[in-house]
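Residue-level structure breakdown
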Amino acid sequence: MRTLACLCVLAAVVGAPARAQEPPPAPPAAELPSGPLRPGDLVRVSVDGAPRYSGDFRVEADGNVAIPRLGRIGVGGLLPGPAADAVAARILMLQLLKRPDVVVSILSRRAREAFVGGAVARPGRVTLRDDARLSDLLEEAGPAAGADLARVKLLRGGTERSVDYRAWRAGRADDASVNPPLEDGDRVYVFASDQPEG
């Protein structure tokens, strides 16, 4: 009798129709990272009533997320609301749903980093806060005694910029020309006072 009951339960479970798995709910909004989406972020896309278009996706280096059945959608630089609008627009364009209700949440962020070298006490990679400026990086790295802070090089992408950081440190100026905001991948080099450029 017991064997028969077990077989009946097993048959009911095996014979039950498969249901699409919805992603688990995102943490409360107060605990989620905020700001524009950027490469490396892990985002959750939730399409109400359509789990086949939902899931957790990594924002690629070019700012796209690749969502099965929807393709690659540009979300880099967008806040979660406009990113959800971009996903909804793709669903509408493909005529998959009539009124898609989409929510995009940032689950985790890839740390932004910059590199500092030259006449500093602690050269190497430094993790950046979202609002990091040159002063944050250099004060953490500790300019060496012989550092020429009037000749700090900031390399970003293929461009190079010279910054007179000494003016910011001395309080003579307090703008982006002497204390620029930093971006992921920036490289900062501090010359020694007796070191020629080049």
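Residues numbered from 1 in each chain as written. Predicted model: local features only at pLDDT ≥ 70, side-chain atom pairs only at ≥ 80, totals over all residues. Heavy atoms only, no water.

Some remarks on the pattern of salt bridges
Throughout the structure, instances matching the rule amount to 13 salt bridges. With its nearest N and O atoms 2.3 Å apart, the salt bridge here joins R72 to E60. One end of the pair, R72, is in strand β4 (residues 71–74); the other, E60, is in the loop between β2 (55–58) and β3 (64–67), and 12 residues separate them in sequence. E60 sits in the partly exposed class, given a relative accessible area of 27%. Between D136 and R129 there is a salt bridge, with its nearest N and O atoms 3.4 Å apart. A relative accessible area of 27% places D136 in the partly exposed class. (Salt bridge = Lys/Arg side-chain N within 4 Å of Asp/Glu carboxyl O. Helix = DSSP H or I, 4+ residues; strand = E, 2+ residues; numbered from the N terminus. Buried < 20%, exposed > 50% of the residue type's maximum accessible area, 1.4 Å probe, protein only.)

A look at the sheet that holds strand β5 (residues 102–108)
An order of β2-β1-β5 is seen for the 3 strands of this open sheet, with the pairing classed as antiparallel. Of all strands in the sheet, those bounded by a partner on one side alone are β2 and β5. Direction aside, neighbouring strands of the sheet carry axes that sit 30° apart on average. Two elements, strand β1 (residues 42–47) and β5, share 6 bridges in a ladder whose sense is antiparallel. Bridging from a neighbouring strand, L42 pairs with S108 of β5. (Pairing = 2+ DSSP bridges. Axes fitted to C-alpha atoms, helices over the stretch in contact; angles between N-to-C directions.)

Looking at the environment of P39
Along the polypeptide, P39 turns up in the loop between α1 (2–15) and β1. Residue classification places P39 among the partly exposed positions, given a relative accessible area of 34%. Separated by 22 residues in sequence, P39 and A61 place their C-alpha atoms 4.9 Å apart. Discounting chain neighbours no more than four positions away, the residues touching P39 are V59, E60, A61 and R110. (Contact = heavy atoms within 4.5 Å.)

With respect to the packing of aromatic side chains
Scanning the entire structure with this criterion turns up 2 aromatic pairs. Each ring, one from Y165 and one from W168, has its centre 5.4 Å from the other, and the planes form 20°; the classification is stacked. Of this pair, Y165 and W168 both sit in helix α4 (residues 165–169), separated by 3 residues, roughly a single helical turn. A relative accessible area of 0% places Y165 in the buried class. (Phe/Tyr/Trp six-rings, centres within 6.5 Å; stacked < 30°, edge-to-face > 60°.)

Examining the pairing of strand β10 (residues 187–192)
Residues in a regular strand point their side chains to alternate faces of the sheet. Of the strand pairs in this sheet, strand β6 (residues 112–118) and β10 are connected by 4 bridges, and their pairing is parallel. Paired with G118 across the bridge in β10 is V190. The pairing of strand β8 (residues 147–156) with β10 spans 5 bridges and is antiparallel. Bridge pairing in β10 links L154 to V188.

Details of the confidence of the model for the protein chain
When pLDDT is averaged across the protein chain, the result is 85; 82% of the residues are at 70 or more. Here residues 4–21 is a poorly scored stretch, pLDDT under 50, and it has 2 contacts once near neighbours within four places are set aside; other chains count. (pLDDT = per-residue confidence, 0-100.)

What about helix α2 (residues 80–93)?
The terminal C-alpha atoms of α2, which comprises 14 residues, lie 20 Å apart, in line with the 20 Å expected from a rise of 1.5 Å per residue. For α2, every residue scored as buried is listed here: A83, A84, V87, A88 and I91. The buried side chains of α2 occupy one side of the element, clustering within an arc of 140° when seen end-on. Every exposed residue of α2 that faces more than 90 degrees away from the buried side is listed here: D85 and M93. Residues of α2 that are buried in the fold lie against β1, β3, β4 and β5. Where α2 terminates, the next one or two residues include Q95, which has phi positive at roughly 55°. (Expected span 1.5 Å × (residues − 1). Arc of directions from axis to C-beta.)

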